[in-house]
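Summary of the model geometry
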Protein chains: 2
Amino acid sequence: MHNSIKNIAFAGAGNVAWHLAKGLQAKGYQVKNIWSRDYANALALAGSCGAIAYNSISELREEADLIIVAVADDSIADVARSIGEYEGIVVHTAGSVHLHALKNFFKNCGVFYPLQTFSKGIPLNLEEVPFFLEASSDEVLQLVRHLALNLSAKVYEADSEKRMLLHVAAVFAGNYSNLMYIIGDEILKNSNLPPDLMHPLITETTRKALSGDPLKTQTGPARRHDTATIEKHLQALAALPDYAELYRLLARLISNKY
Amino acid sequence: MHNSIKNIAFAGAGNVAWHLAKGLQAKGYQVKNIWSRDYANALALAGSCGAIAYNSISELREEADLIIVAVADDSIADVARSIGEYEGIVVHTAGSVHLHALKNFFKNCGVFYPLQTFSKGIPLNLEEVPFFLEASSDEVLQLVRHLALNLSAKVYEADSEKRMLLHVAAVFAGNYSNLMYIIGDEILKNSNLPPDLMHPLITETTRKALSGDPLKTQTGPARRHDTATIEKHLQALAALPDYAELYRLLARLISNKY
């Protein structure tokens, strides 16, 4: 292990790798090599950040001080094993994968978890992204923290248990709030209404929740215990039984809070 | 019925009445009188928009060209009945209440539904709010539309059926996405983590959904069919069985879409 991180390699070329590789390159790090199970993806990312795409994962060790494993959660252990013996630092970027998944293979390892939703090709300011770190030793933690602080102003430590809870909370606040937008869109499209009619409501709901406490800014029939309106809505959803079931469950969860 | 609307009265002094009364006053309308079941609320709103609070609802007819009934959905019919005989226009502001609720009592009536989440004391730009109108006649519609266009650039017609579907979609996109924020907060607070860690994720999720299609910008374990992560999250939620049940349902709904 070197006493600073300059050269970085990526295992994975998906949404997270894409944003981290470009962000690190912009901060002056050398992104040397990219490997991906899908070579075309590795080539595309390598091309856009001045790196070289590798076909074989074991080659990643050659020049890197740090290998960032940014692949699907259930592939992390397999990918880590394929890297082979390595004295540098290996980190993964997953919210819900224990550090053990790397510790089994590497002396110097850690977690570098950005709590954010990443989509390839949609630009994002990494400086606003909270990073949660964990490491196999204080020495590794120092090096990884230095890297994280070059990317973001919001760098925290979190052990694997805490990180999992952060990820669960993020699924609700991010993925599942987005599902609510999808369902709203579907209901409008079913009635030939344009989805952007909902945009001012979505903007305002989020603005209020972020500037206060969403428990206090909640509105709507369930908060008012307005069972007559809830029943009418369930009837209106008769043709969409999955959404009717969901509506009922969510109305009950809200009602119970007030 | 006069051939223009100048003087306006409100039955109700809740979140919607609060924003409409202040918005109409700002546009030069005379908000004359406010009645509310809770006289203190009527007094507070009247005081803040130069109106007079009335104790008796039947007095609202005296000076108004238009009475706006902005009360809880299940009180609209009762409140309308209490207004008494009236030649002017009466509108309600509810998404899920049929125009019939007013037609039973008034020749000139309509619906003036702002699709937005309103909280007293939280300022809001009404010009961005979509208003959905319905009326008992073309004449009433013209007058109400003129009023709406003075408040907002987004004025549409929608019959009672369409308006109900808009309201159902708004419950999902607004109230239920906000519930997801509440749940995320609760999970963080249970682990002594500050809720504002989620803010960049919420901001970004919403930004992506509004600038594209939320079905395309969805991320997370359910979209990736990552059942191992989903099972870990369900275990992490073991102490919160309601949320575990909800997590499972929402993960299934997302998985089915990809």
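Computed from a prediction, not measured in an experiment: that's the story for all the values here. (Residues numbered from 1 in each chain as written. Chains lettered and ligands numbered in written order. Predicted model: local features only at pLDDT ≥ 70, side-chain atom pairs only at ≥ 80, totals over all residues. Heavy atoms only, no water.)

This part covers the overall build of chain A. The helix and strand tally for chain A stands at 10 helices and eight strands. Principal axes of the C-alpha set define a box for chain A whose edges measure 65 × 35 × 30 Å. In chain A, the share of contacts with a sequence separation of at least 24, taken over all contacts with a separation of at least 6, comes to 54%. For chain A, the exposed surface amounts to about 10500 Å²; the carbon and sulfur share of it is 48%. Looking at chain A, you have 24 positive and 27 negative side-chain charges, and the mean spots of the two groups are 6 Å apart. (Helix = DSSP H or I, 4+ residues; strand = E, 2+ residues; numbered from the N terminus. Contact = heavy atoms within 4.5 Å. Areas by Shrake-Rupley, 256 points an atom, 1.4 Å probe, with all protein chains shown as cover. Lys, Arg positive; Asp, Glu negative; His and termini not counted. Charge placed at Lys NZ, Arg CZ, Asp CG, Glu CD.)

The next point concerns the sheet that holds strand S1 (residues 7-11) of chain B. Residues and elements named next belong to chain B. Spatially, S3-S2-S1-S4-S5-S6-S7-S8 is the arrangement adopted by the eight strands of the open sheet, whose pairing is mixed. The two strands at the open ends of the sheet, each matched to only one other strand, are strand S3 (52-54) and strand S8 (155-157). Across this sheet, the average inter-strand angle for adjacent strands is 25°, counted without regard to direction. In this structure, strand S7 (residues 131-135) lies alongside S8, joined through three bridges in parallel fashion. Bridged to Leu133 within S8 is Glu157. Sheet strands in contact with helix H3 (residues 76-83) are S1, strand S2 (30-35), strand S4 (66-69) and strand S5 (89-92), and its direction is about 150° off that of S4. Sheet contacts for helix H6 (residues 160-190): S5, strand S6 (109-114) and S7; angle to S6, the most-contacted strand, approximately 20°. (Pairing = 2+ DSSP bridges. Axes fitted to C-alpha atoms, helices over the stretch in contact; angles between N-to-C directions.)

Let's shift gears to the sheet that holds strand S8 (residues 155-157) of chain A. All names here are of chain A. Overall, mixed pairing links the eight strands, which are arranged S3-S2-S1-S4-S5-S6-S7-S8 in an open sheet. Two strands bound the open sheet, and with one partner strand each, they are strand S3 (52-54) and S8. Each strand axis lies, on average, 25° off the axis of its neighbour in the sheet, ignoring direction. Sheet analysis places strand S5 (residues 89-92) next to strand S6 (residues 109-114), joined by three bridges and oriented parallel.

Turning our attention to the interface of chain B and chain A. Across the contact, 88 residues belong to chain B and 88 residues belong to chain A. Across the chain B/chain A interface, buried area totals approximately 8300 Å², and carbon plus sulfur atoms make up 69% of it. Taken as a group, B:Phe172, B:Tyr176 and B:Leu210 account for 8% of the area that chain B buries against chain A, more than any other trio of residues on that side. Viewed at the interface, chain A and chain B are joined by four salt bridges. Between B:Lys257 and A:Glu186 there is a salt bridge, with the nearest N and O atoms lying 2.6 Å from each other. If you list the elements that add at least two residues to the side of chain B that touches chain A, you get H6, helix H7 (199-211), helix H8 (214-217), helix H9 (227-236) and helix H10 (241-255) of chain B. (Buried area = accessible area lost by both parts, 1.4 Å probe. Salt bridge = Lys/Arg side-chain N within 4 Å of Asp/Glu carboxyl O.)

Moving on to the environment of B:Ser119. One can find B:Ser119 in the loop between S6 and S7. Beyond its immediate chain neighbours, meaning those up to four positions away, B:Ser119 contacts A:Lys208, A:Thr217, A:Thr219, B:Asn15 and B:His19.

Here we come to the pairing of strand S1 (residues 7-11) of chain A. Residue and element names in this part refer to chain A. Of all five residues making up S1, five are buried, and the element is well covered by its neighbours. For S1 and strand S2 (residues 30-35), the ladder comprises five bridges, and the chain directions are parallel. Note that in S2 the partner of Asn7 across the bridge is Gln30. Each parallel crossover has a hand, and for S1 linked through helix H1 (residues 15-26) to S2 it is right-handed. (Buried < 20%, exposed > 50% of the residue type's maximum accessible area, 1.4 Å probe, protein only. Right-handed = clockwise from strand over helix to strand, strands pointing away.)

For the coordinates displayed, the defined rule picks out 16 aromatic pairs over all chains. Both rings, one in A:Tyr247 and one in B:Phe172, keep their centres 5.8 Å apart while their planes meet at 70°; by these two values the pair is edge-to-face. With A:Tyr247 in helix H10 (residues 241-255) and B:Phe172 in helix H6, this pair bridges two chains. Using a relative accessible area of 0% as the deciding quantity, one classes A:Tyr247 as buried. Taken together, A:Phe172, A:Tyr176, B:Tyr243 and B:Tyr247 form an aromatic cluster joined through their ring pairs. (Phe/Tyr/Trp six-rings, centres within 6.5 Å; stacked < 30°, edge-to-face > 60°.)

This brings us to the pattern of salt bridges. For the structure shown, the criterion picks out 19 salt bridges over all chains. The residue B:Glu134 makes a salt bridge to B:Arg163 at a minimum N-O spacing of 2.6 Å. Placement of B:Glu134 in strand S7 and of B:Arg163 in helix H6 is noted, with a sequence separation of 29 residues between them. Judged by relative accessible area, B:Glu134 falls into the buried class, the value being 15%. Relative accessible area serves as the criterion here: at 0%, B:Arg163 is assigned to the buried category. Among the charged side chains, a salt-bridge network with shared partners connects A:Asp73, B:Arg224 and B:Asp226.

Before going further, it helps to examine the relation of the copies chain B and chain A. Superposing chain B onto chain A requires a rotation of 180° together with a translation of 0.0 Å along the rotation axis, leaving an RMSD of 0.0 Å. On the angle and the small slide along the axis, the relation comes out as a two-fold axis. Relative to the rotation axis, the closest C-alpha in chain B is found at B:Ser177, a distance of 2.2 Å. Here 100% of the interface residues in chain B have copies in chain A that are interface residues too; the copies meet face to matching face. (Least-squares fit on C-alpha atoms with pLDDT ≥ 70 in both.)

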